[in-house]
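Listed below, chain by chain, are the residues.
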Amino acid sequence: MSIDKEKLQALFVAPAAGVAPCVIRAIDVKKIYWAGQVETHALRGATLDIYRGEYLSIMGPSGSGKTTLFNMIGALQKPTSGKVYIDQVDIAQLDTDELAWLRCHKIGYVFQTFNLIPVMTCLENVMLPMAFAGLEGEAAREKAVGILDLVGLGHRLLHKPAELSGGQQQRVAIARALANSPQIILTDEPTANLDQKTGMEMIELLARLKVEKNVTIISATHDQRMLQKSDRILWIEDGQIVKAARPDEIDFSTAEFR
Amino acid sequence: MIQDQVRLPLSVAIGVVMQGIRIRFGRSLITLMGVALGTAFLVSNLTGQAINAAVRQEEQSRSEVKRMASFLEAEMGPPRDRIVGVIQTGPLDENEQGLIRFLIDSRVKSIQWYNAAPETPISQSEEAECRRDVSLEGVANQAGSVLLMGSGPLPDVLTAPEPVASLFKDAAGKILACTRTPQGLASPPGVAVVELAREFTPEELIKIAEQKTQAQFRRNWITLISMVVTVAGIANAMLMSVTERFREIGTMKCLGALSSFVRWIFFFESSFMGAVGGVMGGVAGTVFSLAVYGFTYGYGLVFSSVDWVLLGVYLVLSVLVGIGLSIVAAIYPAGVAASMVPANALRTDV
Ligand SMILES: Nc1ncnc2c1ncn2[C@@H]1O[C@H](COP(=O)(O)OP(=O)(O)OP(=O)(O)O)[C@@H](O)[C@H]1O
Ligand SMILES: [Mg+2]
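Residues numbered from 1 in each chain as written. Chains lettered and ligands numbered in written order. Predicted model: local features only at pLDDT ≥ 70, side-chain atom pairs only at ≥ 80, totals over all residues. Heavy atoms only, no water.

Side note on the layout of surface pockets
Point 1. Reported here for the largest pocket is a volume of approximately 1,100 Å³.
Point 2. Lining the largest pocket are 30 residues, with Arg56, Gln57, Gln60, Ile208 and Lys212 of chain B sitting closest to its centre.
Point 3. Breaking the lining of the largest pocket down by element, the ones donating at least two residues are helix H3 (25-76), helix H4 (94-105) and helix H6 (202-244) of chain B.
Point 4. The element that contributes the greatest number of residues to the lining of the largest pocket is H3 of chain B, accounting for 12 residues.
Point 5. Viewed by domain, the lining of the largest pocket spans two of them, domain 1 (9-59 + 202-346) and domain 2 (66-195) of chain B, each represented by three or more residues.
Point 6. In this structure, the second largest pocket spans a volume of roughly 660 Å³.
Point 7. Only strand E2 (38-51) and helix H2 (66-73) of chain A provide two or more residues apiece to the lining of the second largest pocket.
Point 8. Per-element accounting of the lining of the second largest pocket gives the leading share, 5 residues, to H2 of chain A.
Point 9. Tallied by class, residues from the lining of the second largest pocket come to 6 nonpolar, 15 polar and 6 charged. (1 Å grid on protein atoms, 1.4 Å probe; cavity = no way out; pocket = protein on both sides within 12 Å on 5 of 7 lines; lining within 4 Å. Points joined across faces, edges and corners; volume = space filled by probe spheres on them. Helix = DSSP H or I, 4+ residues; strand = E, 2+ residues; numbered from the N terminus. Domains from an automatic or database assignment. Nonpolar A, V, L, I, M, F, W, Y, C, P; charged D, E, K, R; others polar.)

Following this line, the structure appears as structure tokens:
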């Protein structure tokens, strides 16, 4: 594995006093998918730091590798090369059980495809990660009801995902991501299926978690309101992070970096 | 440290399994049938062997008694209203008891019983007059014949020719009928010694044993194949179940389910199937073989000769084997599910 020395040096400069510690650090992460003879370079060396309590947005055209990056930094998949550290721990060093623990306790995921369990009700879907964390019974139920209320689905507790609209499913997915009060929330297009108002509510919910609980929010999104709320925006193109900017550096009328 | 914190949520696992079975009820039913069929095959084979052996023995014993009885009748004439002496040297076997029963059933006048081994109990319940207070000297008195039976040693008196002949001086028929080949019995003048027993020659014995082992081997072979087929069938059904739940399992792994949890789900599902299918198949197989053998040999014969405790043991054994087979069958599918890469479940095209 060859890593650009300069890049590495820059990464390990200790954060200045007052700057939040780094929760996720990716170094030259590459991902190649093989489909038969065809190689797809989904990520061509992504290097980034994500700080505690940060609201980070990732933008990029379809197929640029957002979901792939999301999977890498969320410890859902092993990179072909490169390193990912979560809370200073190299996740390549963790065994499958430790990875499971990490996914269960540290990170909340909102998948692009929702991935709700179709045979379970909304309530059971939200209670599932709690069960994996050892929280069961009445306590889990109460907490799950509370979270579902928060996303505005308090009246749909016992419905199966198939009985809900796309936006409602998306909100169940968000509720499920909050189940174990994670320090990091990874969301893949969390507002894609929501109307203006509910979308704004979700964005505000995430923003509030960031402010009140110091939760780190990472989302792949094209939603302007979400971009405007972010602390930092990464632009990814063809598997490479090409630009990083603060929202005030972007012209939202054209979605162009200034 | 981490191990303790991600617990295996048992109730969740059970819920997932039950829901899975309910949703895929049709296929679960087929899996169940597979287990049931395998178990039924095993249990009906075992039970069949047991019934067959019991019936065979009962029949053999009955025909042996019949043969001895007709031998005896040929020597002494019909036993009705006759007196028969019995010299018992030790415990009686089934055939000898059957012969006594035959004498009683054919209404002998009385049986004069001398027991040379008083410590061995006599299990006969007598309707015919049965005099047990007879001395050895009086056993042949007025008797049409004297039976020598039991597994004990001969009384000393019978080893010399003269005393034996003198036993028969008041006998109606000078016949000494032995149910076994007596060792060291003197051949007394004027008394016919008849052997009712039929001894198998060593060649015959070997042949019988060979036939038995051959039949057993064939059966065990068939049973083994049926069990392999059962395991393959269950494994296949479980693999289908794994593929169908690919997305569900992957999502759970993304949400922090341990591999052991995923493995547990499949082992639980298959042992549940194994238990239910095993009980169904076990009961069905037992009933089936009882019905079939009852039909061929007659229900009376089957139900009277069969060892019910043994059948119960076989039933329990088969259910355990059914569960065992299902668990063995789940090893590979559960491994496949447990080693699944979580992110693969997140793709839309799966
Ligand atoms: N499992 C896979 N096997 C093969 N190729 C894959 C796989 N996953 C992603 N790819 C490819 O990697 C590239 C990046 O995909 P990715 O899903 O990360 O894009 P994305 O930025 O999330 O796109 P979108 O905005 O449409 O969700 C694409 O060209 C895709 O075809
Ligand atoms: Mg994507």
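More follows now that the structure is in view.
Some words on the sheet that holds strand E4 (residues 81-86) of chain A
Residue and element names in this part refer to chain A.
Point 1. Strands sit in the order E2-E1-E4-E5 across an open sheet of 4 strands; the sheet is antiparallel. Edge strands, defined here as strands with exactly one partner in the open sheet, are E2 and strand E5 (89-90).
Point 2. Of the strands in this sheet, strand E1 (22-35), E2 and E4 touch H2, which is tilted by about 60° from E2. (Pairing = 2+ DSSP bridges. Contact = heavy atoms within 4.5 Å. Axes fitted to C-alpha atoms, helices over the stretch in contact; angles between N-to-C directions.)

Here we look at the interface of chain B and chain A
Point 1. Taken together, the contacts link 30 residues of chain B with 27 residues of chain A.
Point 2. Between chain B and chain A, roughly 2,700 Å² of surface is buried when both sides are summed, and carbon and sulfur atoms account for 63% of that area.
Point 3. Remark: the boundary between chain B and chain A carries 0 salt bridges.
Point 4. At the surface where chain B touches chain A, the tally comes to 5 residue pairs in polar contact (both at pLDDT 80 or more).
Point 5. Counting residues per element, the ones that place at least two in the side of chain B that touches chain A are helix H1 (2-5), helix H2 (10-23), helix H7 (246-254) and helix H8 (259-297) of chain B.
Point 6. Examining the composition of the side of chain B that touches chain A, we find that 6 residues originate from one element, H7 of chain B, more than from any other. (Buried area = accessible area lost by both parts, 1.4 Å probe. Salt bridge = Lys/Arg side-chain N within 4 Å of Asp/Glu carboxyl O. Polar contact = N/O pair within 3.5 Å; in protein donor to acceptor, adjacent residues only side chain to side chain.)

Overview of the confidence of the model for chain B
All names here are of chain B.
Point 1. Looking at chain B as a whole, its pLDDT mean stands at 83, while 94% of the residues score no less than 70.
Point 2. H1 is the least confidently modelled element of chain B, averaging 45 in pLDDT, while helix H10 (residues 308-338) averages 91, the highest of any element.
Point 3. Contacts of residues 1-5 to residues separated by more than four positions or lying in other chains number 8 contacts, the stretch itself having pLDDT below 50.
Point 4. For this predicted complex, the interface confidence comes out at an ipTM of 0.86, alongside a pTM of 0.74. (pLDDT = per-residue confidence, 0-100.)

Re H4 of chain B
Point 1. The terminal C-alpha atoms of H4 of chain B, which comprises 12 residues, lie 16 Å apart, in line with the 16 Å expected from a rise of 1.5 Å per residue.
Point 2. Sitting at the head of H4 of chain B, Asp93 of chain B places a side-chain oxygen 3.0 Å from the backbone nitrogen of Asn95 of chain B. (Expected span 1.5 Å × (residues − 1).)

Things to note about unusual backbone geometry
Residue and element names in this part refer to chain A.
Point 1. A positive phi angle, close to 60°, is found at Asn214, a residue other than glycine.
Point 2. Non-glycine residue Asp238 carries a positive phi angle of around 50°.
Point 3. Relative to the elements of secondary structure, Asp238 occurs in the loop between strand E9 (232-237) and strand E10 (240-245).
Point 4. Given a relative accessible area of 47%, Asp238 falls into the partly exposed group. (Buried < 20%, exposed > 50% of the residue type's maximum accessible area, 1.4 Å probe, protein only.)

Quick look at the sheet that holds strand E6 (residues 107-110) of chain A
Residues and elements named next belong to chain A.
Point 1. Taking strand neighbours across the sheet as the criterion, the 6 strands line up as E6-E7-E8-E3-E9-E10 in an open arrangement whose pairing is mixed. The strands lining the two open edges of the sheet, one partner per strand, are E6 and E10. Strand-to-strand twist of the sheet, defined as the mean angle between neighbouring strand axes without regard to direction, takes the value 15°.
Point 2. Sheet topology note: the E6/strand E7 (residues 184-188) ladder contains 4 bridges and is parallel. Bridge assignment links Tyr109 to a residue of E7, and that residue is Leu186.

Observations regarding a nonpolar patch on the surface
All names here are of chain B.
Point 1. Together, Leu10, Ile14, Met18, Met33, Trp264, Phe272, Val276 and Met280 make up an exposed nonpolar region whose accessible area comes to about 610 Å².
Point 2. If you list the elements that add at least two residues to the nonpolar patch, you get H2 and H8.
Point 3. Counting residues per element, the nonpolar patch draws most heavily on H8, at 4 residues.
Point 4. With respect to the element layout, Met280 can be found in helix H8.
Point 5. On the basis of relative accessible area, Met280 is assigned to the partly exposed category, the value being 36%. (Patch = residues over 30% accessible without salt bridge, like charges linked within 9 Å, V, L, I, M, F, W, Y side chains within 5 Å. Areas by Shrake-Rupley, 256 points an atom, 1.4 Å probe, with all protein chains shown as cover.)

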